[in-house]
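As a plain string of letters, each chain reads:
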Number of protein chains: 6
Amino acid sequence: DFRHALEDVQPLYGVSDEELGKSIRGGILHFSDHINTILDEGRLYVNQVRRKETTTPLMSIAIHGPPGSGKTALAARMGIDSGFPFIKLISPEDMVGFGEMQKVQYLEKTFRDAYKSPLSVIVIDNIELLVDWVPIGPRFSNTVLVALKVLLGKQPPKDRRLLIFATTTQRDVLQQLELYSRFNADIPVLNVNTQNELAQVLRKTGTFSDDDMQRAIGEIQQITGSTDVGVGIKKILTAIETAKQDENDMPGRFARVMSQAIESRGYRMDTEFA
Amino acid sequence: DFRHALEDVQPLYGVSDEELGKSIRGGILHFSDHINTILDEGRLYVNQVRRKETTTPLMSIAIHGPPGSGKTALAARMGIDSGFPFIKLISPEDMVGFGEMQKVQYLEKTFRDAYKSPLSVIVIDNIELLVDWVPIGPRFSNTVLVALKVLLGKQPPKDRRLLIFATTTQRDVLQQLELYSRFNADIPVLNVNTQNELAQVLRKTGTFSDDDMQRAIGEIQQITGSTDVGVGIKKILTAIETAKQDENDMPGRFARVMSQAIESRGYRMDTEFA
Amino acid sequence: DFRHALEDVQPLYGVSDEELGKSIRGGILHFSDHINTILDEGRLYVNQVRRKETTTPLMSIAIHGPPGSGKTALAARMGIDSGFPFIKLISPEDMVGFGEMQKVQYLEKTFRDAYKSPLSVIVIDNIELLVDWVPIGPRFSNTVLVALKVLLGKQPPKDRRLLIFATTTQRDVLQQLELYSRFNADIPVLNVNTQNELAQVLRKTGTFSDDDMQRAIGEIQQITGSTDVGVGIKKILTAIETAKQDENDMPGRFARVMSQAIESRGYRMDTEFA
Amino acid sequence: DFRHALEDVQPLYGVSDEELGKSIRGGILHFSDHINTILDEGRLYVNQVRRKETTTPLMSIAIHGPPGSGKTALAARMGIDSGFPFIKLISPEDMVGFGEMQKVQYLEKTFRDAYKSPLSVIVIDNIELLVDWVPIGPRFSNTVLVALKVLLGKQPPKDRRLLIFATTTQRDVLQQLELYSRFNADIPVLNVNTQNELAQVLRKTGTFSDDDMQRAIGEIQQITGSTDVGVGIKKILTAIETAKQDENDMPGRFARVMSQAIESRGYRMDTEFA
Amino acid sequence: DFRHALEDVQPLYGVSDEELGKSIRGGILHFSDHINTILDEGRLYVNQVRRKETTTPLMSIAIHGPPGSGKTALAARMGIDSGFPFIKLISPEDMVGFGEMQKVQYLEKTFRDAYKSPLSVIVIDNIELLVDWVPIGPRFSNTVLVALKVLLGKQPPKDRRLLIFATTTQRDVLQQLELYSRFNADIPVLNVNTQNELAQVLRKTGTFSDDDMQRAIGEIQQITGSTDVGVGIKKILTAIETAKQDENDMPGRFARVMSQAIESRGYRMDTEFA
Amino acid sequence: DFRHALEDVQPLYGVSDEELGKSIRGGILHFSDHINTILDEGRLYVNQVRRKETTTPLMSIAIHGPPGSGKTALAARMGIDSGFPFIKLISPEDMVGFGEMQKVQYLEKTFRDAYKSPLSVIVIDNIELLVDWVPIGPRFSNTVLVALKVLLGKQPPKDRRLLIFATTTQRDVLQQLELYSRFNADIPVLNVNTQNELAQVLRKTGTFSDDDMQRAIGEIQQITGSTDVGVGIKKILTAIETAKQDENDMPGRFARVMSQAIESRGYRMDTEFA
Ligand SMILES: Nc1ncnc2c1ncn2[C@@H]1O[C@H](COP(=O)(O)OP(=O)(O)OP(=O)(O)O)[C@@H](O)[C@H]1O
Ligand SMILES: Nc1ncnc2c1ncn2[C@@H]1O[C@H](COP(=O)(O)OP(=O)(O)OP(=O)(O)O)[C@@H](O)[C@H]1O
Ligand SMILES: Nc1ncnc2c1ncn2[C@@H]1O[C@H](COP(=O)(O)OP(=O)(O)OP(=O)(O)O)[C@@H](O)[C@H]1O
Ligand SMILES: Nc1ncnc2c1ncn2[C@@H]1O[C@H](COP(=O)(O)OP(=O)(O)OP(=O)(O)O)[C@@H](O)[C@H]1O
Ligand SMILES: Nc1ncnc2c1ncn2[C@@H]1O[C@H](COP(=O)(O)OP(=O)(O)OP(=O)(O)O)[C@@H](O)[C@H]1O
Ligand SMILES: Nc1ncnc2c1ncn2[C@@H]1O[C@H](COP(=O)(O)OP(=O)(O)OP(=O)(O)O)[C@@H](O)[C@H]1O
Ligand SMILES: [Mg+2]
Ligand SMILES: [Mg+2]
Ligand SMILES: [Mg+2]
Ligand SMILES: [Mg+2]
Ligand SMILES: [Mg+2]
Ligand SMILES: [Mg+2]
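Reading the values: the criteria
Residues numbered from 1 in each chain as written. Chains lettered and ligands numbered in written order. Predicted model: local features only at pLDDT ≥ 70, side-chain atom pairs only at ≥ 80, totals over all residues. Heavy atoms only, no water. Pairing = 2+ DSSP bridges. Helix = DSSP H or I, 4+ residues; strand = E, 2+ residues; numbered from the N terminus. Axes fitted to C-alpha atoms, helices over the stretch in contact; angles between N-to-C directions. Near = heavy atom within 4 Å. Polar contact = N/O pair within 3.5 Å; in protein donor to acceptor, adjacent residues only side chain to side chain. Areas by Shrake-Rupley, 256 points an atom, 1.4 Å probe, with all protein chains shown as cover. Nonpolar A, V, L, I, M, F, W, Y, C, P; charged D, E, K, R; others polar. Least-squares fit on C-alpha atoms with pLDDT ≥ 70 in both. Contact = heavy atoms within 4.5 Å.

Q: Explain the sheet that holds strand 4 (residues 161–168) of chain D to me, using residue names and the numbers behind them.
A: Within a sheet, neighbouring strands are paired by backbone hydrogen bonds and run either parallel or antiparallel to one another. All names here are of chain D. Pairing is parallel in the open sheet, where five strands are placed in the order 2-3-4-1-5. Two strands bound the open sheet, and with one partner strand each, they are strand 2 (86–90) and strand 5 (185–188). Going from strand to strand, the sheet's axes swing by 15 degrees on average, the running direction of each strand aside. Across five bridges, the pairing between strand 2 and strand 3 (residues 119–124) is parallel. Bridge assignment links Lys 88 to a residue of strand 3, and that residue is Ile 122.

Here is the structure:
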């Protein structure tokens, strides 16, 4: 419950990267060059906060991209790699059933704890869910939104330095909510977009023989009538597992599941990235 | 009351398929091939969750189709057939008079219980009712909706595996609410659509003599001016019972009741599947 | 008060038709053939629920028609005639000043009581008032609405059988609220529509001499410029009483009051049955 | 406070016409024939309720007309003249600072008290204020509205008879709220509309000499450019008093104040009687 | 706090004109003839209430005009000059942080206290702020609004007489809220509109030498390109003080500050007096 | 928590400029003449309030400008330079998780404390955040808004003088909310708009050698295709720090980060200053 949850925040001084670690259970596959670009940029901001001589004791970075593209895993990676003594993941998963005020208290307590460490990282996951965003209405929690706005701009106390990573699939929503411009910088994360990138994923996971891989990718092209992929790494890893259950025709099943994912993409695209 | 209801959730480890069993009181009539396809697909996902070597300890499947098409019965069938040690039906029927927060607590508690079993199935019935969806306004419970979104994506603890089936008549609503895309896969359920399928239902329930059946189907075609049926199995089974009360003209009564069902379908179609 | 009201629900096993009886204080005048058709249909559904061999332990029937057309009286008649051991009228009149949650608890308690009897009838009167429907806004109680939706579809426990009659003037509203399609069947109730039907009412109540009746009906036609009547039996019975107070010119007064009723009908028609 | 207010309702059996009496402090001036017509109609409904042989133990009459036209005074007059043993005025004035639920309880208690007397009159004053109607929004108390709807239709217990008069300036609003059609009858009240009627008012109050009266009415016609008056009796009686303070030019002052009233009428007309 | 505030209301019998006095700290400058007209009209209504022979024991006067035009000061002047034994200012300033219900209780208590004195004046300041009016939405407190409507129409008890002055910048808003028509009369207050009136203000405050005054007024005309002024007396008195701080160029500074006030007037005009 | 926060307000008599001091950690760079103009204007208003002979014991000044343009730092500077014995910063940062009523109480308490000092300055930072403004809806706290309106106009007690500075990025929003016109005066703050001003900033911070500076400014012009800058001083100071982390190409990195800031400006401009 809530009381319990508040106590959970406490691991002051000392990495609490268990939760963060869970987020990268699937590892980070380097299926494209942009993965390195992202991780490099992360290191730049880590340094800007870490170095005593800079005048920016607070930096906040928005990590945005389509659903399942790997935002949480990458934010977790960058957070853990910082080596900062206080690391904390703030996730809607830990706030199921919280009221607006409880969420704000939880946020506020986490920031207060972070201010106690000389160097801290806070990863705020899925920021649009945290503010209860639903496009119908639209509805969202103004109380949580305003708290986030304020916390993103609040200077830490003297000699304290804080780096914030926040993930979202809804950049434009955050812009309309006037939350996005409060970040100091942003990092885009991309889908697996080309056949080449898809092949990299399949190869690095050792899913198919080269022949089967060719066949699968060929069939996808045939079904969808295009060489575009445009599916998040997360969905692809799940599709591989579903295909594995089909003993008769694993590459064919993979092609069908992937094709469906590619085609159903349309709906989300329209509403979320228009 | 609520306290009572929360205690009801407890049957950890050990199949609690009583409620689920109630949902298939009318059996599963194999009036068409697609019934087998549905059950096969169910087995695929059961395996994907069950097998230790897969990296997908959480799978969620949306079962969608028109009202009365048999969604709940089929979900129950697949759940029971999994043989998983924890099986639980979450139904709006058990939450009459619950406030939003109580619903969320009930959901949260059920998931927490499920996480205690190495293998669990949760069937969430009638998901649009669970979020209090009403198209006028529209209105719905944002609190319950956000809780569902989060729970559908929350990874179970280490060595725990969870399969979720959720039924709905309102796929497009769930899409607008941005809940639908959080499912890993979906299974469509269809109405009894052709005269042939209707005949199968009548035959397998032993309702009429062959002559009476022909007459009934013929009259339906005459009244509605079409060979299309497009009515859910549930309504057909009820119509059979109503007809049985009319001792003078059972086939005629059946034809009239069915025709009315076929014609009044229009309204629902427009609002729900446009 | 509320506590008191909840206790009122208790008459388990044993007809509590007092309230229902009050609803037919004015009797049922057979001013047209359709009155018999309605009562016949009612008996059909009573049988479908009563007989052990049917597989439909739950049937719900919507009784709809214009204001004052006799819906409540007819529902009460059919309920009482069933002879079921548990009969209960759920009316907004017994819930004045109840909050949404109290209404839901009252509903839920009534259904729970009904489930204790092997055979039960519940008459839900004025279902659009029960959900606090007001067309401006529009506004309504989503909590009560969802509770009704769920209760209308909830199977009684083993060996329990339940018949629900619900009255409404607002069929289209219930359709928009997606409540209407949850009924298994519906029965339309009509106004007193023709001069002939009106004459039947006047004759059976012994209001006028034949001459006065002719004069009254003639004057109505003159004032309204039409032979259509289209007024509910309830309003007609009230008009007769008002006319009786006018000692100088009873038929003339009746004609004037009826004409006004016929003409003011327009407004309601537009908003409610468009 | 509220507790106090609830106790105030208690004068069971025994006329509590003090408050009602206050409403006709200015008397009833017979400035036009329609005043008699109104009072006659009132007597008709009083008889319909009073006489044991009628089958209408409940009658509700809506008294509607422009602001200040004398609705409350006339309703009070008819109520007092009934001579019924229980008479009660329900006025928003007695509910300042009540919440919605308190208002409903107050209403409900008043009706419950009325049911204890064999013959009762309830005057509900200013029904649109009672439901907190404001055209911007629009806003109103649905809780109070639904309570009124239900109470207007609720049959008194056996051998109890109840007559309800309700006043309103907003007939069309009550129609949109679907409250108006729940009344059994209505009585329109009119402004002082003609120069002749205005002269009657001035004569019966003995305000001016005949010459001054002619001059005043003439000046009004000159300023407004019309022979129409169209102002409520209440405002006219106030204007007479204001004019009396102007010792230099009483008729001229009266003409100016009346002309302003006539001209500012436009605004209200548009919004309320369009 | 609230409790404290309620006690503050108590000065029954005995002028509590301290607060009112504060409102006219800047005095009443007779910069135009209309100031006298306003004060005369005030005396007329004071007499209408005071004199025992009148039948109007309750009079309510709306004092409306642009922001800073002197409404509060003039209402205070008229209130104090009445010499009535009970005088009370109701101001939003005394209700900061009050909830809707607390405001209503405060209003109700003040009126109840006023009813205890044979002759009372209540000044309700800034009535649109009292109802929390904000044009976006628009939003306002319906609870306070309805309370005001009722209190403005509520007759004082026998032998009690009450005069109400209420100030507002938003006449049209009060009209839309259907509050304005509940006043018995209204008095318009005007800006300082002409160069002549502005000169009167400067002369009566002894701000400039005649030469400097001519120069200042001339520069205003030059900057704004018009001889119109149209600024409230309050803003002009503030501008004079600001100018006095500019030792180098007092007339020039006055002209610049005034010109800006004249030009920024546009915005308010549009939204408030369109 | 809240209790704690309320106690924090207490430093009566005695400068509490710690928080205010924090706001100007980055100093005030005189990159343009208008910085001096702003500070001069501030002194004028300080004098107007300080001097006993003026009749304006209350002055409120709105400081408006684009995000990050230096509003808070400048307001803090002017506040501290006043030398008034009571100085207090009211910031949304100190009210995270406060409810509406708590915010109002906090505001009210701060003003009450200020009234105890003969001379006080209150800086209200980020007034649109204080009222929870979100353009979607739009939503805002009416309770806080009305409290601000009232407090901005409330005269301090005798011999008390109060100067209010309030900062905002949303002048037009405050105008629509009818809050803006309640200020006695306003001071605009500008972005770093020209290449010349940007060079001043770079020079005064000693960031680059003259060559590197030329290169950086040149590259910005090349990337954006314009000589316009239009970025707040705050963002520029952050960009300098980010650039410093890029050891390989500091001027190039600065140019890229600045260009992105210049280009993304569009979005905010549209929604906030249209
Ligand atoms: N290059 C990669 N980048 C990110 N994640 C990767 C990569 N390669 C493999 N993965 C794995 O893919 C999964 C990405 O899922 P993740 O939850 O991070 O995506 P997401 O974008 O946060 O999804 P959502 O939009 O649902 O929040 C993780 O399990 C991660 O270990
Ligand atoms: N092939 C079938 N598939 C599903 N149900 C069947 C089939 N054959 C017979 N039935 C029976 O039909 C009924 C289907 O009702 P069910 O409640 O499952 O439908 P539903 O689609 O969930 O309805 P609703 O839309 O109202 O939730 C059950 O009683 C079930 O036993
Ligand atoms: N044939 C008839 N059918 C129904 N009611 C009849 C008939 N003949 C006479 N009545 C009398 O007419 C009245 C009908 O009123 P009832 O309240 O049932 O109408 P209703 O349609 O429910 O009205 P409402 O729309 O206001 O709920 C009852 O008093 C009933 O006794
Ligand atoms: N013929 C009349 N009809 C009604 N009232 C009259 C008549 N002649 C004089 N009066 C007096 O005029 C006044 C009418 O005021 P009343 O409050 O009844 O009007 P109203 O229509 O209820 O006003 P409101 O719209 O404000 O509620 C009363 O004081 C009443 O005594
Ligand atoms: N002729 C005048 N009429 C009114 N006020 C005057 C006049 N001459 C000088 N004053 C002074 O001008 C000021 C007017 O301010 P006041 O608060 O009364 O204006 P207001 O219209 O109520 O403003 P707001 O719209 O802000 O409520 C007072 O200080 C008053 O003493
Ligand atoms: N001329 C200047 N004016 C204002 N601030 C300056 C100036 N020169 C340097 N600074 C520094 O720039 C920063 C301006 O940030 P500040 O928070 O005051 O901006 P802001 O406009 O209030 O931002 P926001 O819109 O986010 O509230 C401060 O750190 C301040 O010390
Ligand atoms: Mg994620
Ligand atoms: Mg189902
Ligand atoms: Mg009825
Ligand atoms: Mg009245
Ligand atoms: Mg004022
Ligand atoms: Mg700032």
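The rest of the description comes next.
Q: Lay out the site of ligand 4 in plain terms, naming residues and giving numbers.
A: Residue and element names in this part refer to chain D. As a structural note, the neighbourhood of ligand 4 is formed by 19 residues, with Gly 27, Leu 29, Gly 70, Lys 71 and Thr 72 the closest of them. Between ligand 4 and the protein, one listed contact pairs an oxygen atom with a backbone N or O atom of Ala 73 at 2.8 Å. For ligand 4, whose free accessible area comes to 630 Å², the fraction covered by protein is 88%. Elements represented by at least two residues in the shell around ligand 4 include exactly helix 4 (71–82) and helix 11 (233–245). Of the residues forming the shell around ligand 4, the biggest block, four residues, is contributed by helix 4. Broken down by class, the residue content of the shell around ligand 4 amounts to ten nonpolar, seven polar and two charged.

Q: Got a sec to walk through the relation of the copies chain C and chain B? Specific residues and values, please.
A: You can overlay chain C on chain B at an RMSD of 0.0 Å; the transform is a turn of 60 degrees with a shift of 0.1 Å along its axis. Such values leave the two copies arranged in the relation of a six-fold axis. When C-alpha distances to the rotation axis are compared across chain C, the minimum falls at Gly137(C), with a value of 8.7 Å. Taken together, the interface assignments show that only 8% of the residues at the interface of chain C recur at the interface of chain B, consistent with different surfaces on the two copies.

Q: Outline the environment of Gly230(F), supporting the account with residue identities and numerical values.
A: All names here are of chain F. Relative to the assigned elements, Gly 230 resides in the loop between helix 10 (210–224) and helix 11 (233–245). Expressed as a C-alpha distance, the spacing of Gly 230 and Val 192, which sit 38 residues apart in the sequence, is 5.5 Å. Ignoring any residue separated from it by four or fewer positions in sequence, one finds Gly 230 in contact with Asn 191, Val 192, Asn 193 and Arg 265.

Q: Report on the sheet that holds strand 1 (residues 58–64) of chain E, specifying residues and quantitative values.
A: All names here are of chain E. Spatially, 2-3-4-1-5 is the arrangement adopted by the five strands of the open sheet, whose pairing is parallel. The outermost strands of the open sheet, each flanked by one partner alone, are strand 2 (86–90) and strand 5 (185–188). Averaged over all neighbouring strand pairs, the angle between strand axes comes to 15 degrees, with direction disregarded. Bridge count between strand 3 (residues 119–124) and strand 4 (residues 161–168): six bridges; the pairing is parallel.

Note that all results are geometric; they support no functional claim without further evidence.
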